[in-house]
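Examination of the molecular architecture
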Amino acid sequence: MAPRRQHRRAAQSGTPYPEALAAFGERVRLVGPDRWASPTPCSDWSVRDLVNHLTAEQLWVPELLTGATIAEVGDRFDGDVLGADPVAAWSAAAGAARQAWEVPGAAGLTVHLSFGDVSGQYYLDQLTTDLVVHAWDLTEGIGARTRLPPDLVDFALEKISGYGDLSGSGVFDPPLPAPEGAGPQTRLLALTGRRDTG
């Protein structure tokens, strides 16, 4: 038992990107044929739009981790990247992104993002946080359960709390006040302009 407990502690000490990928992917596989056009808490995005956005984000990972710039990648991942089989498209993109992060030293690389150069670790944390919040959006869009894994919520809450008001990025709505005594998931969602319905 002791080795297993030690393994769990070690896994939780880093960025839980694989776990966030798995949580989002689990929800992608729950999307029924009649749900792809359903609305999500992201007012401009249907379920398909949301999955397309996260799939495109993962497609960028191998490119950016090999030193490519935004200009060099260009419009390759613009528009629809899901094709006729959205679940397969997501799975392929997520698998390639996960493998790219498994290369030793990836978190120490310099990554060229649209707003400037950042460390690989910053990029990894940002991707993970985005996956966590949008996993909740996806569960809302498909009418599934809305409780997120607590360790992912804690990670995303810590990161987002340090980012300040993210509404200027165009990705999240302005923060909302959280009820007194609210739990971590409710506070996380409030910081991104969402009301917890779980």
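Structural data are supplied above this passage.
So, a few notes on the structure that sits alongside this text. None of the values given here were measured: they were computed from a predicted structure.

Thresholds applied
Residues numbered from 1 in each chain as written. Predicted model: local features only at pLDDT ≥ 70, side-chain atom pairs only at ≥ 80, totals over all residues. Heavy atoms only, no water. Pairing = 2+ DSSP bridges. Helix = DSSP H or I, 4+ residues; strand = E, 2+ residues; numbered from the N terminus. Expected span 1.5 Å × (residues − 1). Buried < 20%, exposed > 50% of the residue type's maximum accessible area, 1.4 Å probe, protein only. Contact = heavy atoms within 4.5 Å. Polar contact = N/O pair within 3.5 Å; in protein donor to acceptor, adjacent residues only side chain to side chain. Salt bridge = Lys/Arg side-chain N within 4 Å of Asp/Glu carboxyl O.

**Observations regarding the pairing of strand S2 (residues 116–119)**
As defined by bridge partners, strand S1 (residues 110–113) adjoins S2 across four bridges and the pair is classed as antiparallel. By the bridge assignment, histidine 112 is partnered in S2 with aspartate 117. Adjacent in sequence and paired antiparallel, S1 and S2 are bridged by two residues.

**Digging into helix H5 (residues 86–101)**
With 16 residues, H5 should reach 22 Å at 1.5 Å per residue; the first-to-last C-alpha distance of 23 Å fits that figure. For H5, the set of buried residues is Pro86, Ala89, Trp90, Ala93, Ala94, Gly95, Ala97, Ala100 and Trp101. Against helix H2 (17–28), helix H3 (47–65) and helix H6 (120–142) lie the buried residues of H5.

**Focus: the side chain of aspartate 196**
Structurally, aspartate 196 can be placed in the segment after helix H8 (184–191). Looking at aspartate 196, its side chain comes within polar contact range of the side chain of arginine 147, at 3.1 Å. A polar side-chain atom of aspartate 196 sits 3.1 Å from a polar atom in the side chain of glutamine 185. Apart from the residues within four sequence positions on either side, aspartate 196 is in contact with Trp136, Arg147, Gln185, Thr186 and Leu189.

**As for the side chain of serine 38**
Relative to the assigned elements, serine 38 resides in the loop between H2 and H3. Apart from the residues within four sequence positions on either side, serine 38 is in contact with Ser46, Val47 and Gly141.

**What to know about the pattern of salt bridges**
Under the criterion given, the structure shown has five salt bridges. Here lysine 159 and aspartate 125 are joined by a salt bridge, their closest N and O atoms 3.4 Å apart. Residue lysine 159 is found in helix H7 (residues 150–161), and its partner aspartate 125 is found in helix H6; the two are separated by 34 residues along the sequence. Among the residues examined, lysine 159 registers a relative accessible area of 23% and is labelled partly exposed. A salt bridge links aspartate 137 to arginine 194; its shortest N-O distance comes to 2.7 Å. On the criterion of sequence distance, the pair formed by aspartate 137 in helix H6 and arginine 194 in the segment after H8 is long-range, its members being 57 residues apart. Judged by relative accessible area, aspartate 137 falls into the buried class, the value being 0%.

So far we have only geometry, and geometry alone does not tell us how the molecule works.
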